[in-house]
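Per-entry structural report
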Amino acid sequence: MIPPLSFPARDPDRAAGPGAGPAAVPPAPRRSTAPLRVLMYHSVAPLASPGDDPYLVTVTPARLDRQLGLLRRCGLRGVSVGELLAAHAAGRSAGLVGLSFDDGYADFAEHALPLLRRHGCTASLYVLPGLLGADNVWDVRGPRKPLLDAEGVRACAGAGVEIGSHGLFHRALPDLDEEEMARELRESRERVRAITGVAPAGFCYPYGAVGPREIAAVRAAGYHHACAIDPGPLTGRYALPRVHVGERDGAPRLALKALLHPIRRRPVPRAETVDAGRPA
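So, how was this worked out
- Residues numbered from 1 in each chain as written.
- Predicted model: local features only at pLDDT ≥ 70, side-chain atom pairs only at ≥ 80, totals over all residues.
- Heavy atoms only, no water.
- Helix = DSSP H or I, 4+ residues; strand = E, 2+ residues; numbered from the N terminus.
- Buried < 20%, exposed > 50% of the residue type's maximum accessible area, 1.4 Å probe, protein only.
- Contact = heavy atoms within 4.5 Å.
- Areas by Shrake-Rupley, 256 points an atom, 1.4 Å probe, with all protein chains shown as cover.
- 1 Å grid on protein atoms, 1.4 Å probe; cavity = no way out; pocket = protein on both sides within 12 Å on 5 of 7 lines; lining within 4 Å.
- Points joined across faces, edges and corners; volume = space filled by probe spheres on them.
- Nonpolar A, V, L, I, M, F, W, Y, C, P; charged D, E, K, R; others polar.
- Salt bridge = Lys/Arg side-chain N within 4 Å of Asp/Glu carboxyl O.
- Pairing = 2+ DSSP bridges.
- Core = buried A, V, L, I, M, F, W, Y, C linked by side-chain atoms within 4.5 Å.
- Phe/Tyr/Trp six-rings, centres within 6.5 Å; stacked < 30°, edge-to-face > 60°.

Each helix and strand counted, the protein chain has 7 helices and 10 strands in total. Within the protein chain, the proportion of its 280 residues that are buried is 50%. Counting contacts in the protein chain only where the partners sit at least 6 residues apart, residues at least 24 apart contribute 66% of the total. With an accessible surface of roughly 13,100 Å², the protein chain has 57% of that area assigned to carbon and sulfur atoms.

Structure follows, in structure tokens:
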């Protein structure tokens, strides 16, 4: 099983009490030494057969229920990527793991959201505002999976889910010229803002495809952070590494992934999680 994380018995940053002497300036927040871990999900839906999931992007509700239960038993709580980064900057990310769901499938509201609530978790949902109410047209081998419409996205936001952008049409940013990429980033952000009333802080690179040019464009578009998959030396707040979680990931495989995470993924520089200002 994933080894449980221990919590300090007391907070050494707190004053000892009324008799502890004159009040002092509160110390700067401690920077967490715990590594940032973000799990990457996609669709949550029943599977009739393995052939229904050729891209291995689907987790059944029963499997997700067991995975979230395992995290809680190990002293971990799933949170949105934004909450994880804020906690890490404050030195309080121990015991937290980021949960991210790509593409904005309609089954998130039906199957994933009730399970997140049951286990006391939150998550980030990265949607495609250019394909609202459509389906996963980019997966040429199928099967067709419906995507949330605007009302569904709004309902998820109202339930406490952090809504981020996955671009307009699920296009790899390195394939786009400067003008097309800027449109994908800025227009998708504005459309999410129009739906939820809040400009999304997070972006998620379609296919995990990212380079220095794409990172610069995401920053220029006003995002606060962005999720990748395995960005290597580009790892940072605008290229957060994630670990794919699938239907085959029971307790032994999740434990192995937890052990391998510090080896296979570069740590996010702690200084980069400190926010110099939220996006407009």
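This part is about empty space enclosed by the protein. Considering all chains together, one arrives at 1 cavity of 30 Å³ or more under this definition. Every residue along the wall of the largest cavity is listed here: D52, D53, P54, Y55, V57, Y105, N136, D139, G142, P143 and K145. Tallied by class, the residues present in the lining of the largest cavity amount to 5 nonpolar, 2 polar and 4 charged.

Turning our attention to the pattern of salt bridges. The final tally for this structure, using the stated rule, is 12 salt bridges. The shortest N-O distance in the salt bridge between R213 and E178 comes to 3.1 Å. Of this pair, R213 sits in helix α6 (residues 212–220) while E178 sits in helix α5 (residues 178–196), placing them 35 residues apart in sequence. Given the relative accessible area of 28%, R213 is considered partly exposed. Each of R171, E180 and E184 takes part in one network of salt bridges that share partners.

As a further point, take helix α2 (residues 81–89). In terms of burial, α2 is a largely internal element, 7 of the 9 residues being buried. Here α2 has its buried residues at V81, G82, L84, L85, A87, H88 and A89. Next to the buried residues of α2 lie β1 (38–41), β4 (77–79), β5 (96–102), β6 (124–127), β7 (162–165) and β9 (225–227). Positive backbone phi, at 80°, marks G91, one or two positions downstream of α2.

Within a regular strand, side chains alternate between the sheet's two faces. In β7, alternate side chains face the same way, and those of E162 and G164 on one face and I163 and S165 on the other are all buried. Pairing of β6 with β7 involves 4 bridges; the strand directions are parallel. Across the sheet, the residue bridging to V127 is S165, located in β7.

Bringing the nonpolar core into the picture now. With 32 residues, the main nonpolar core has L99, F101, F108 and L125 as its most contacted residues. Those elements that place two or more of their residues in this core are β1, α1 (61–73), β5, α3 (107–118), β6, α4 (150–158) and α5. Take this core: its biggest share by element is 5 residues, from α3. What F108 contacts, discounting residues up to four positions off in sequence, is F101, L113, L116, L125, C156 and V161. By size, the runner-up hydrophobic cluster in this structure holds 16 residues, among which are M181, F203, A221 and A228.

This paragraph deals with the packing of aromatic side chains. Inspection of every chain in the model, using the stated rule, returns 4 aromatic pairs. Each ring, one from F101 and one from F108, has its centre 5.0 Å from the other, and the planes form 70°; the classification is edge-to-face. On the basis of relative accessibility, which here comes to 2%, the residue F108 falls in the buried class. An angle of 80° between the planes, with centres 5.4 Å apart, marks the rings of F203 and Y205 as edge-to-face. Considered together, F203 and Y205 belong to a single accessibility category, that of buried residues.

Time to look at unusual backbone geometry. The general pattern is negative phi for most residues beyond glycine and trans for most peptide bonds. With an omega dihedral of -5°, the bond running from G142 to P143 counts as a cis peptide bond. Locating P143 in the fold gives a position in the loop between β6 and α4. In this structure, L56 takes a positive phi of about 55° despite not being glycine. On the secondary structure map, L56 appears in the loop between β2 (43–44) and β3 (58–59). A positive phi is found at Y207, a non-glycine position, where the angle reads about 65°.

It is worth spelling out the environment of G120 at this point. Locating G120 in the fold gives a position in the loop between α3 and β6. For the pair G120 and G69, spaced 51 residues apart in sequence, the C-alpha to C-alpha distance is 10.0 Å. Not counting chain neighbours up to four residues away, the residues in contact with G120 comprise R72 and R77.

What follows concerns the environment of L68. Relative to the helices and strands, L68 resides in helix α1. Overall, the relative accessible area of 0% leaves L68 in the buried class. Along the chain, L68 and L116 lie 48 residues apart, while their C-alpha atoms are 7.7 Å from each other. For L68, the residues in contact, after removing those within four places along its chain, are L99, L115, L116, H119 and C121.

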